[in-house]
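What follows is each chain in one-letter form.
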Amino acid sequence: MCNLSEGIEKRGIEKGIEKGKIETILEMLKDNLALSKIALYTKISVDTIRKVAKDNNLPVREG
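All of the points below concern the structure found in this document. Every value quoted in this text rests on a predicted model; they were computed, and no experiment measured them.

Turning to the nonpolar core, a few remarks are in order. Counting 11 residues, the largest nonpolar core consists of I25, L26, M28, L29, L35, I38, A39, I44, I49, V52 and A53. Going through the elements one at a time, helix 1 (2-30), helix 2 (35-42) and helix 3 (46-55) are the ones with two or more residues in this core. Residue contributions to this core peak at four residues, all from helix 1. Setting aside anything within four residues of it in sequence, one finds M28 in contact with L33, I38, Y41 and T42.

The next subject is the packing of helix 1 against helix 2. Between helix 1 and helix 2, whose axes approach to 10 Å, the crossing angle comes to 150°. It follows that helix 1 is roughly antiparallel to helix 2 by the angle criterion. In this structure, the crossing between helix 1 and helix 2 has a hand that is right-handed. Counting all contacts with helix 1, which are made through T24, I25, M28 and L29, the residues of helix 2 involved are I38, Y41 and T42.

Conventions used here
Residues numbered from 1 in each chain as written. Predicted model: local features only at pLDDT ≥ 70, side-chain atom pairs only at ≥ 80, totals over all residues. Heavy atoms only, no water. Core = buried A, V, L, I, M, F, W, Y, C linked by side-chain atoms within 4.5 Å. Buried < 20%, exposed > 50% of the residue type's maximum accessible area, 1.4 Å probe, protein only. Helix = DSSP H or I, 4+ residues; strand = E, 2+ residues; numbered from the N terminus. Contact = heavy atoms within 4.5 Å. Axes fitted to C-alpha atoms, helices over the stretch in contact; angles between N-to-C directions. Parallel < 35°, antiparallel > 145°, perpendicular 65-115°, else oblique. Left-handed = near helix turned anticlockwise from the far one by under 90°.

In structure tokens form, the structure reads like this:
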């Protein structure tokens, strides 16, 4: 049972980290940062950033 609870905890932590990254991307998009800068700073793929922008109706500044 210990391994099960550790697995659940690990997944919870990973979900929290992912949520934090998405929130960071959203703030950077709202600040009109260039796509390349967001990808560089967050280590998230350009395609993922574009999807986040599209899902939240935010413009993407290329560059």
